[in-house]
Each structure stands twice: as C-alpha cells, then as structure tokens.
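In case you want the letters, here they are:
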Amino acid sequence: RSARAVAAAMSVFVTRRIPAEGLRVLSQASGCRVQQWDSEEPVPRAELLAGVAGTRGLLCLLSDRIDCEVLDAAGPDLKVISTLSVGFDHLALDEIKKRGIRVGYTPDVLTDATAELTVALLLSACRRLPEAAEQVKSGGWTTWKPLWMCGYGLSDSTVGIIGLGRIGQAVARRLKPFGVRKFLYTGSGPKPESAAEFGAEFVPLTRLAEESDFVVVTCALTPATQGMCNKDFFGRMKKTSVFVNTSRGAVVNQEDLYDALAQGQIAAAGLDVTTPEPLPTDHPLLSLKNCVILPHIGSATYATRSTMAVLAANNLLAGLRGEPMPHELKL
C-alpha cells in the first residue's frame, strides 16, 4: 500500500485535551495521524462534525453525543470509536453496530477511584461534612452542643446497592470494615458469586428501598434503569436514610429527589452525577443543605485518568490495526 493509504488508515480525531500519556501513545504509533480539539472545554458540535470527516478512528468522551449525525459526518471510513469512559450511553450503539464500527471503552481501571469517591460522598452526606465546614466559616460554630450537626453512621446499618457490578462490589468491599450489618442488592439478576463475599442478599428494588439505611447507585444507565429512583422509590425509603448516586444522573428523577429531601422524606443525598451536567447554579437541589453535589469526579485521580487515556488510545490503535482491543464493547 502507498504511504498515503497507510496514513489514511490511521487518521484519528480526539475530541478533547486528554492526559499526555494517552496522546503520547497515539502520536508515537507508526503512521498514526492525530487531529485534536485541544481544549479543556467540550468540542463545539460544528467542530466535531468537521473533525470526524473522513477519519478512521474517533477518541471521544462521555460528554460527546455520538449519534447518526456524527456517524454520517464521519462517513464510511470510520472503523473505530474509543471512549474515555466506562459508560457508553452517549453512543448510538444500534447505529454503530449497523455500520460495523468497533467500540472500545475503559472499564476496570476506574473502579477503585470511583469506589473511593462513592464512600467519601456517602460519608460527606451522612455526617453532614460540607454543612459542618460551612458553619466553621460562617460563625455558626458557637460551642459544643449535644445534638448539633448530628448525622447517621454506618456501624450496624443496612446498605442497599443498586447494581452489584465491578464498582458496586468495590464499594461494598470498602464499606464492610465500617461495621455494616447487612448488604442488600438489586439488578438485572442475582449474582451469587459476587454477593458471597459480602453475604449480600438479592432483593426487589422496592424492598431495597424500604430496608436500607444507605442506598448506593452504581448501575449502568439503560432504558430499564432510567428514572428508576423516583417518587415511589423515595417514598418507600426510611426518613433516616441516605441516598448516593455515582452512576449516571438520568437514573434519578431529580424533581422527585428534591421533594423527598425538602420534605424530610429521606435524610440526605450525595450525587456525583446529575442531569444535565454541569447542573445550573440556580438548580433547586443546590439550595438544600442536606444534598451534597460533586462535579462528576468519580474517576478523578491523576493515576486513574492517565491509565484511562492510555487504555483508550490502545483500544483505538488495536481497532485501527484490526487487532483484538484490550477492552472492546461487544455489540
């Protein structure tokens, strides 16, 4: 093949500034021609459509909506999409499959970082840490008071996990030493091998809501899980229970969550994911003291993001070369 044909075969578009290690893998690959939207901010739609035109490979983020319009703009040369994420609800998978495009993603490598953040968020919400820190700054801390700033502890509690996948298991593994008495879980089906480590019991969603002191959401966003945590769900939870979501914002009906928190139907919530992202600064949830919201930083450790970028780059290169990917999404 001519040099031009080889170059065309390895042309890629990267939709954002990514950790240097990932970009290095691509730029050092023989014959790989990298075009990048070199910014911390999302690529504008017009730039995305122009950038993908005629490329063989696309390295994208979970904030990039890869739909028919993008696939059409890319044209028939597009062979591989590699997403720097474990989630893939931003990809039009049916259409991608129809066009015979391979997809790489980054599971496993962000499991520990996300599980750590989930535990931190749970503790922040149940022990009212942001609220307490604010009291120190605002002069609300006057003396030691027996009932002031009291929250809820994990010791002897029941924890319900929605989605006992890699991250759900990693969260349970970290919570167990806190003295959790019982783990419940729900999902598309029982996972006896995974659940055995924690003596976790598979229950329907309604029972998990009713019996859990802490509810942790770590499932994938699918048509079945969309809006699953809603008015009915929060209505079944205990008044003293704490709700934590580090999966995807759309799993939660945010209006229903606001009502549940504002009316004292549940004690507190911690969210690392919202709809939309970023959440508007005037969003009602941000007016609540008993809701801790983080800007989707589950995987945000330097080491994890670096590893994700390298894996995404290696997935892309393997796909372009027609080799097995380190992590391919089977369509």
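As the structure is a computational prediction, the values presented were derived from the model and not from experiment.

1. Section: the sheet that holds strand β6 (residues 158-162)
Alright, step 1. Ordered by their spatial adjacency, 7 strands build an open sheet running β8-β7-β6-β9-β10-β11-β12, and the pairing between neighbours is parallel. Each having just a single partner strand, β8 (201-202) and β12 (291-293) make up the two edges of the open sheet.
Alright, step 2. Here β6 pairs with strand β9 (residues 214-217) via 4 bridges, running parallel. If you follow I162 over to β9, its bridge partner there is V217.
Alright, step 3. Strand contacts of helix α8 (residues 166-175): β6, β7 (182-186) and β9, with the helix running at about 165 degrees to β6, the strand carrying the most contacts.

2. Describing the packing of aromatic side chains
Alright, step 1. For the coordinates displayed, the defined rule picks out 6 aromatic pairs.
Alright, step 2. Following the ring pairs from residue to residue traces out a cluster consisting of F233, F234 and F243.

3. Topic: the UniProt feature "domain: D-isomer specific 2-hydroxyacid dehydrogenase NAD-binding" (unreviewed entry) in the protein chain
Alright, step 1. Per the UniProt annotation, the sites labelled "domain: D-isomer specific 2-hydroxyacid dehydrogenase NAD-binding" (unreviewed entry) are residues 119-298.
Alright, step 2. A distance of 10 Å separates the end C-alpha atoms of residues 119-298, which is 31% helix and 15% strand.

4. Description of the sheet that holds strand β5 (residues 102-104)
Alright, step 1. Spatial strand order, β2-β1-β3-β4-β5-β13: 6 strands in an open sheet with mixed pairing. Since the sheet does not close on itself, it has two edges, and those belong to β2 (33-36) and β13 (328-329), each with one partner.
Alright, step 2. This element, helix α2 (residues 20-27), spans β1 (11-14), β2 and β3 (57-60) of the sheet and lies at about 145 degrees to β2.
Alright, step 3. Here helix α3 (residues 45-52) sits on the sheet and contacts β1, β2 and β3; the angle it forms with β1, its principal contact strand, is near 165 degrees.

5. Some details on the pairing of strand β10 (residues 242-245)
Alright, step 1. Across the two faces of β10 the burial is the same, with V242 and V244 and F243 and N245 all buried.
Alright, step 2. For β9 and β10, the ladder comprises 4 bridges, and the chain directions are parallel. Paired with V216 across the bridge in β10 is V244.
Alright, step 3. For the handedness criterion, the β-α-β arrangement of β9, helix α11 (residues 231-236) and β10 is classed as right-handed.
Alright, step 4. Two strands pair when backbone bridges link them, and β10 and strand β11 (residues 268-271) are joined in this way by 4 bridges, in the parallel orientation. The residue bridging N245 from the neighbouring strand is L271, located in β11.

6. What to know about the nonpolar core
Alright, step 1. In terms of nonpolar packing, the biggest core is built from 48 residues, with L122, V159, I161, L175 and F183 touching the most fellow members.
Alright, step 2. Where this core is concerned, the elements lending two or more residues are β1, α6 (111-126), β6, α8, β7, β9, β10 and α13 (302-320).
Alright, step 3. Ranked by the residues each element gives to this core, the list is headed by α13, at 8 residues.
Alright, step 4. Counting the residues that make up this core, at least three belong to each of domain 1 (10-108 + 302-329) and domain 2 (110-293).
Alright, step 5. For I161, the residues in contact, after removing those within four places along its chain, are G168, A172, F183, L184, Y185, T186, L208, V216 and T218.

7. Notes on the pattern of salt bridges
Alright, step 1. Scanning the entire structure with this criterion turns up 21 salt bridges.
Alright, step 2. Between K238 and D213 there is a salt bridge whose closest N-O contact spans 2.9 Å. Of the two residues, K238 sits in the loop between α11 and β10 while D213 sits in the loop between α10 (205-211) and β9, which places them 25 residues apart along the sequence.
Alright, step 3. In this structure, K330 and E328 form a salt bridge, with 3.8 Å as the shortest nitrogen-oxygen distance.

Criteria and cut-off values
Residues numbered from 1 in each chain as written. Predicted model: local features only at pLDDT ≥ 70, side-chain atom pairs only at ≥ 80, totals over all residues. Heavy atoms only, no water. Pairing = 2+ DSSP bridges. Helix = DSSP H or I, 4+ residues; strand = E, 2+ residues; numbered from the N terminus. Contact = heavy atoms within 4.5 Å. Axes fitted to C-alpha atoms, helices over the stretch in contact; angles between N-to-C directions. Phe/Tyr/Trp six-rings, centres within 6.5 Å; stacked < 30°, edge-to-face > 60°. UniProt positions renumbered as here; feature names shortened; annotations may be inferred. Buried < 20%, exposed > 50% of the residue type's maximum accessible area, 1.4 Å probe, protein only. Right-handed = clockwise from strand over helix to strand, strands pointing away. Core = buried A, V, L, I, M, F, W, Y, C linked by side-chain atoms within 4.5 Å. Domains from an automatic or database assignment. Salt bridge = Lys/Arg side-chain N within 4 Å of Asp/Glu carboxyl O.

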